[in-house]
Amino acid sequence: MKQPSLAHVLQPKWRTALQRLREERANGGSGKLVVLALVGGAFWVGVFGVLYRILKALRAVEELGPLIPGKILGLILLSFISILVLSNVITALSSFFLAKDLDLLVSAPVDWLRLYLAKLGETLLHSSWMVALMAVPILTAYGVVFKGGVLFGAYAILAIVPMLILPAVLGSAVTLILVNIFPARRTRDLLSIIALGAAGGVILLFRLIRPEQLARPEGFRNLLDFVILLRGPTSPFLPSEWASQAIMGYLRHEIDLLPLILLWTTAAAFVTGGALLHRVLYPTGFTKAQEGAERFIRGTLWRWTVGSMLGWLPVAKREFVLKDIKLFFRDTTQWSQLILLAVLVVVYLFNIQALPLHRGEPVGFFYVNLVSFLNLGLAGFVLASIAARFIFPAVSLEGRQMWLLRSSPLDLRALLWSKYWVGTVPLLVLGLLLTGLTNALLQVTPFMMLLSLATMAALTLAIGAMALAFGALYPQFETENAAQIPTSFGGLVFMMATIALLAAVLGALASAVTTYVRAAWEGSPVGVTPAMLGWFVAAAALCATATIVPLRLALRKMESFEF
Amino acid sequence: MIRLENLTKLYGSFVAVDDISLHVPRGVLYGCLGPNGAGKTTTLRMIAGILRPTQGRVLLGGDDVHTNPLSAKMRLGFIPDRPFVYDKLTGAEFLRFVAGLYGQEGDVVDRRIAELLEVFELTSWKDELVEAYSHGMRQKLIISSALIHRPECIVVDEPMVGLDPKAARLLKDIFRQFVGKGGTVLMSTHTLEVAEAMCDQIAIIQHGKIVAAGTVSDVRRQHKAGDASLEELFLKLTGGVQVRELAEVLGR
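Counting of residues starts from 1 at the beginning of each chain's written sequence and follows it residue by residue. Labels follow written order: the first chain is A, the first ligand is 1, and so on. For a predicted model such as this one, the threshold for reporting local features is a pLDDT of at least 70, and the threshold for listing and counting side-chain atom pairs is 80 or more; totals across whole chains, interfaces and linings nevertheless cover every residue.

Okay, the overall build of chain A next. Secondary structure assignment for chain A yields 22 helices and zero strands. In this scheme every C-beta is placed from the backbone, and a residue whose C-beta has 20 or more other C-beta atoms within 10 Å is buried, one with 12 or fewer is exposed, and one in between is partly exposed. By residue count, 35% of the 563 residues in chain A fall in the buried class. Labels follow the DSSP assignment, with helices taken as runs of H or I lasting at least four residues and strands as runs of E lasting at least two, numbered in each case from the N terminus.

As structure tokens, this is what we get:
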């Protein structure tokens with residue numbers, strides 16, 4: 001029997017993507033595209049600009065020449081490969097074992113190799129597109145600084161593509177083996193914890209070794225040690241090192257084809273090996289993936305604890321809050337992200353504690369207040385990212401069950417209320433803890449402590465409301481994976497809006513804080529002047545508006561939802 | 001009990017439901033028949049308050065579903081055709097959650113949950129996450145959830161899909177008893193035998209319009225169909241494909 005071509009097997013995927021684009025355009029989505037292009041363009045220009053300046057400066061250093069840029073490229077590509085392996089393992093689980101089209105493909109007379117290649121391609125695309133886009137401004141900066149010429153782009157693609165294939169094959173193979181050991185649903189749980197735990201561990205390790213110490217000149221005994229360190233490869237067996245060698249060789253005009261050959265032959269060997277493994281293990285794995293996770297749960301603990309605490313609420317709201325909390329803690333892909341969150345908080349506090357502010361110089365007072373004030377923006381940004389991950393998808397995740405909520409006499413305001421507080425209360429606790437602890441580490445004055453805590457509380461209430469509202473304004477009801485919701489267009493708009501709010505609130509408070517710091521610096525009595533009061537009121541009004549208006553908009557939007 | 005007044009639904013320029021007016025009295029089991037894409041599900045979802053009509057209104061026991069939704073929906077139990085429920089809740093938790101949406105709690109709800117799970121033979125599954133349920137079990141759970149608050153009327157889209165013969169029979173008995181006690185059921189179905197055996201009255205929908213309504217005998221009389229079966233009547237009214245043509249296609 002003649003087998004369908006690979007393009008034919010993949011046809012539903014690309015046709016769906018094209019149709020989505022058409023629908024976006026039909027719904028006036030060109031505005032969205034413009035915003036995306038602008039933000040993406042600004043990001044690219046930013047990355048390019050920073051790297052260009054660094055590379056330009058480094059290139060001018062005699063003796064070291066392209067050594068440090070080569071080392072940097074190797075490290076960047078190594079970090080890309082680490083991220084790619086993790087993301088491929090998780091993506092492969094969806095595309096090879098949980099995707100909706102598998103029943104059709106597996107029951108059709110499509111041979112194992114086409115199925116493998118189609119799903120490998122899908123995994124590769126889903127997990128690597130972000131890294132590939134990120135690589136563009138980085139490699140462009142290298143190409144421009146080292147005058148790579150027009151053909152450099154093509155050469156770089158030749159070096160990077162096999163570097164993307166290798167982690168995709170590796171990730172798929174790891175998933176295949178894991179699914180054969182555990183049922184797919186269990187594997188997804190396990191993988192989420194392992195992947196996030198590993199990512200958290202890497203971040204923590206990287207931070208705790210204090211890389212900033214390496215940048216101190218007194219850290220090196222002599223230049224020769226440094227050069228020797230730079231000349232040695234990170235590891236001769238890492239594909240990232242081969243890609244880095246290939247690219248830097250081209251840029252130094254010393255083209256060596258060995259790294260390229262190594263990359264492509266290894267990729268080919270990996271694909272062959274992966275395909276053979278797939279042929280042997282996939283049928284059993286796919287069968288196991290159909291097995292449901294059998295778990296008996298009484299859920300009485302939640303009822304006794306949280307349920308009793310919420311006893312004062314009307315029954316509909318109470319049941320809704322309880323339901324949301326249960327769903328969150330029973331979905332490993334959701335709660336496991338708390339591991340990463342905890343690590344990030346530790347790193348955050350560690351960074352603040354590591355700041356060299358309290359060295360006894362009089363200038364310390366100024367910097368302490370400056371850092372404490374700017375920390376509000378940073379903590380606000382961290383909270384916005386967390387809200388994007390946990391609160392933004394809240395409305396979208398109700399999509400399939402919306403028939404029940406809309407046909408029941410549940411007031412949509414109650415739904416919105418529950419979603420808002422379930423998301424915002426933990427965010428508020430975290431925001432106040434972050435701000436309080438960092439300010440305690442910075443040893444700020446009671447005035448700054450009070451101002452920071454009040455601002456953070458008001459900002460958190462606004463951020464929670466905006467996350468929920470943008471989630472309702474840009475819902476993703478059809479998504480198969482909750483983790484993809486925050487990276488949608490709506491998520492991007494939410495982050496941009498939050499950054500604007502943070503800038504506006506900090507801008508309003510800056511004048512008041514400057515007045516205070518100046519008075520305290522000069523030793524004059526510090527009092528709240530009418531002008532300061534005016535700025536406080538302005539900041540509070542901004543936060544209140546950013547809380548109330550989005551919630552109202554969200555309610556109106558939810559009332560117009562049709563299913 | 002259920003009154004539709006000039007109900008219209010447009011999707012862009014496509015008319016899904018075209019000026020439908022219908023009255024389903026209390027104590028009646030009413031069937032909505034029609035070919036795929038005729039507008040049955042859209043109509044039912046408008047009655048349940050999930051879709052907003054472009055024009056017209058839906059009254060449940062005198063309350064407009066869209067201007068006075070809470071009291072209208074208190075009277076209603078809705079059973080959709082696709083059983084989407086929260087995968088990470090157990091069956092019992094899901095039913096308790098739904099009862100909560102209708103403002104019900106406490107021992108009464110626990111007793112009602114036990115009763116419904118027993119009737120639908122789900123008792124041994126009550127503490128298991130819904131993600132482990134089969135399609136039919138999910139459908140039974142949703143039917144239980146629609147009955148948990150003792151509604152006055154039930155709107156149900158394709159009730160027999162996914163049910164085993166025993167559960168299908170049970171559901172028919174439940175609906176008949178419900179109607180016998182003064183409840184109202186409006187259901188859409190493709191299964192004409194089910195409609196003929198169960199429904200007191202029917203409406204046949206085609207291209208978003210009601211093309212015939214009343215008891216089966218009324219419809220036969222209106223369209224001069226003699227003693228034709230409901231299937232023949234349905235095919236006549238909806239322009240069904242001739243058996244000969246079908247045989248030709250399948251014979252290829």
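Each helix and strand in chain B was counted, giving 10 helices and 10 strands. By the compact-globule yardstick of 18 Å for 252 residues, chain B fits well, its C-alpha radius of gyration being 19 Å. Viewed in the frame of its principal axes, chain B has a C-alpha envelope of about 55 × 45 × 40 Å. Classification of the 252 residues of chain B by burial places 46% in the buried group. What counts as a contact is two residues whose backbone-derived C-beta atoms lie within 7 Å of each other. Of the contacts made within chain B by residues no fewer than 6 positions apart, 68% connect residues no fewer than 24 positions apart. Radius of gyration here is computed from C-alpha atoms only, and the compact-globule reference equals 2.2 Å multiplied by the residue count raised to the power 0.38.

With that settled, the discussion passes to the nonpolar core. Think of a nonpolar core as buried Ala, Val, Leu, Ile, Met, Phe, Trp, Tyr and Cys residues chained together by C-beta atoms that fall within 7 Å. Judged by nonpolar contacts, the single largest core of 137 residues is most densely connected at Ala387, Ala467 and Leu468 of chain A together with Val155, Val185 and Leu186 of chain B. Here this core gets 12 residues from one element, more than from any other, and that element is helix H20 (residues 446-473) of chain A. The contacts of alanine 387 of chain A, once residues within four sequence positions are left out, are Phe392, Gly423, Leu427, Ile463, Gly464 and Ala467 of chain A. Counting 40 residues, the second-largest nonpolar core is a separate cluster that includes Leu51, Leu77, Ala135 and Ala156 of chain A.

Residue and element names in this part refer to chain B. Split by domain assignment, chain B resolves into domain 1 (24-48 + 151-252) and domain 2 (76-150). Segment limits for the domains were obtained from an automatic or database-derived domain assignment. Spacing between the C-alpha centres of domain 1 and domain 2 amounts to 26 Å. With 16 residues of domain 1 in contact, the opposing surface of domain 2 contributes 15 residues. Take the side of domain 1 that touches domain 2: its biggest share by element is five residues, from strand E7 (residues 153-157). When residue character is reported, Ala, Val, Leu, Ile, Met, Phe, Trp, Tyr, Cys and Pro are called nonpolar, Asp, Glu, Lys and Arg charged, and the others, Gly included, polar. For the side of domain 1 that touches domain 2, the per-class residue count stands at 11 nonpolar, two polar and three charged.

Residues and elements named next belong to chain A. Here leucine 553 shows up in helix H22 (residues 530-559). A sequence separation of 398 residues divides leucine 553 from tyrosine 155, and the C-alpha atoms of the two residues are 50 Å apart. In contact with leucine 553, not counting residues within four places along its chain, are Ala469 and Leu473.

Residues and elements named next belong to chain B. For two strands to be treated as a pair, DSSP must find at least two bridges joining them. The strand order E6-E7-E8-E3-E9-E10 describes an open sheet built from six strands, whose pairing is mixed. The open sheet is flanked by strand E6 (76-79) and strand E10 (209-214), the only strands paired with a single partner. Between one strand axis and the next, the sheet turns through 15° on average, direction left out of account. Where strand E9 (residues 201-206) meets E10, five bridges bridge the pair, whose relative direction is antiparallel. Each residue of the ladder has a partner; that of isoleucine 202, found in E10, is glycine 214. Contacts from helix H5 (residues 135-147) reach E6 and E7, with the element oriented near 170° to E6. Throughout, an axis means a line fitted to C-alpha atoms (over the contacting stretch in the case of helices), and angles, computed between N-to-C directions, take values from 0 to 180 degrees. Sitting on the sheet, helix H6 (residues 165-180) is in contact with strand E3 (29-33), E7 and strand E8 (184-188), with an inclination near 140° to E8.

It is worth spelling out the sheet that holds strand E5 (residues 63-64) of chain B at this point. All names here are of chain B. Read across the sheet, four strands follow the order E2-E1-E4-E5 without closing on themselves; strand pairing throughout is antiparallel. In the strand order of this sheet, the two ends are held by strand E2 (14-24) and E5, each with one partner. The sheet contact formed by strand E1 (residues 2-11) and E2 spans seven bridges and is antiparallel. Bridge pairing in E2 places lysine 9 opposite valine 17. On top of the sheet, helix H1 (residues 40-47) reaches E1, E2 and strand E4 (55-60); it is set at about 120° to E1, its chief contact.

A word on unusual backbone geometry. All names here are of chain B. In this structure, aspartate 19 takes a positive phi of about 55° despite not being glycine. Among the structural elements, aspartate 19 can be located in strand E2. Positioned with a positive phi, arginine 150 is a non-glycine residue whose angle comes to about 50°. Locating arginine 150 in the fold gives a position in the loop between H5 and E7.

Residue-level confidence of the predictor, termed pLDDT, takes values from 0 up to 100. Scored by pLDDT, chain A comes out at a mean of 82, with 87% of its residues at no less than 70. Within chain A, helix H9 (residues 223-231) of chain A has the poorest average pLDDT of any element, 57, and H20 of chain A the best, 93.

Glancing now at the packing of helix H3 (residues 91-101) of chain B against H5 of chain B. Residue and element names in this part refer to chain B. Contact pair H3 / H5: the axes reach a minimum separation of 9 Å and the direction vectors enclose 30°. The angle between H3 and H5 falls in the class roughly parallel. Where H3 crosses over H5, the handedness of that crossing is right-handed. On H5, the residues that touch Gly91, Phe94, Leu95 and Val98 of H3 are Leu141, Ser144 and Ser145. Its residues assigned to classes, the contact of H3 with H5 shows four nonpolar, three polar and no charged. Convention used here: angles under 35 degrees read as roughly parallel, angles over 145 as roughly antiparallel, angles from 65 to 115 as roughly perpendicular, and any remaining angle as oblique. Should the near helix be turned anticlockwise from the far one by less than a right angle, the crossing is termed left-handed; should it be turned clockwise, right-handed.

What follows concerns the packing of H3 of chain B against helix H4 (residues 107-119) of chain B. Residue and element names in this part refer to chain B. In contact at an axis separation of 10 Å, H3 and H4 are set at 130° when each is read in the N-to-C sense. In terms of their interaxial angle, H3 and H4 are classed as oblique. Where H3 crosses over H4, the two elements pack in a sense that is right-handed. Counted together, Gly91, Ala92, Leu95, Arg96 and Ala99 of H3 and Val109, Ile113, Leu116 and Leu117 of H4 form the full contact between these two elements. Residues belonging to the contact of H3 with H4 are distributed by class as follows: seven nonpolar, one polar and one charged.

With 29 residues of chain A at the contact, the number on the chain B side is 32 residues. When residues of the side of chain A that touches chain B are traced back to their parent elements, those giving at least two are helix H13 (315-330) and helix H18 (402-407) of chain A. In terms of residue count, H13 of chain A provides more of the side of chain A that touches chain B than any other element does, eight residues in total. When the residues that make up the side of chain A that touches chain B are grouped by side-chain class, the tally is 11 nonpolar, five polar and 13 charged.

On to the pairing of E3 of chain B. Residue and element names in this part refer to chain B. Across the five residues of E3, five count as buried, placing the element largely inside the fold. Here E3 shows no split at all, with Leu29, Gly31 and Leu33 on one side and Tyr30 and Cys32 on the other all buried. Judged from the four bridges that link them, E3 and E8 form a sheet pairing that is parallel. The partner of glycine 31 across the bridge, within E8, is methionine 187. Direction of pairing for E3 relative to E9: parallel, over a ladder of four bridges. Within E9, the residue paired with glycine 31 across the bridge is isoleucine 202.

Residues with a pLDDT of 70 or more make up 95% of chain B, whose mean pLDDT is 86. Predicted as a complex, the structure gets a pTM of 0.72 and an ipTM equal to 0.74.

In this section: the environment of glutamate 241 of chain A. All names here are of chain A. Topologically, glutamate 241 is positioned in helix H10 (residues 239-251). For glutamate 241, a count of 21 C-beta atoms within 10 Å gives the class buried. Sequence spacing of glutamate 241 and valine 169 is 72 residues, and the spatial spacing of their C-alpha atoms is 18 Å.

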